[in-house]
Amino acid sequence: MADIPKTPLNPAMKRGTETQHDTGESSPAPIDTTSATEGEGEGWPVIWLIVLAICLVVTGYLII
């Protein structure tokens, strides 16, 4: 077998520095960093029902 060269295929894309992630420190859990108030977003199902009804009426008008 031929020896595999150690140089990158495109030398212009070679990284200048090596980086490593710090594994000693962890980030907080997503549930600890979220912010929502009670009842926030409860109106969306009603809005989507209204949009659906309008779409059905328009579709019925265009079919007939």
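Residues numbered from 1 in each chain as written. Predicted model: local features only at pLDDT ≥ 70, side-chain atom pairs only at ≥ 80, totals over all residues. Heavy atoms only, no water.

*Asks:* Quick one: what's the story with the overall build of the protein, residue by residue and with numbers?
*Replies:* Along the backbone of the protein there are two helices and zero strands. Out of the 64 residues belonging to the protein, those deemed buried represent 0%. Split by element, the accessible area of the protein, about 7100 Å² in all, is 63% carbon and sulfur. (Helix = DSSP H or I, 4+ residues; strand = E, 2+ residues; numbered from the N terminus. Buried < 20%, exposed > 50% of the residue type's maximum accessible area, 1.4 Å probe, protein only. Areas by Shrake-Rupley, 256 points an atom, 1.4 Å probe, with all protein chains shown as cover.)

*Asks:* Explain a nonpolar patch on the surface to me, and be specific about the residues and the numbers.
*Replies:* The grouping of Val-46, Ile-50, Ile-54, Val-58, Tyr-61 and Leu-62 at the surface amounts to a nonpolar patch, some 660 Å² of accessible area in total. By the secondary structure assignment, Ile-54 is in helix α2 (residues 44–63). (Patch = residues over 30% accessible without salt bridge, like charges linked within 9 Å, V, L, I, M, F, W, Y side chains within 5 Å. Salt bridge = Lys/Arg side-chain N within 4 Å of Asp/Glu carboxyl O.)

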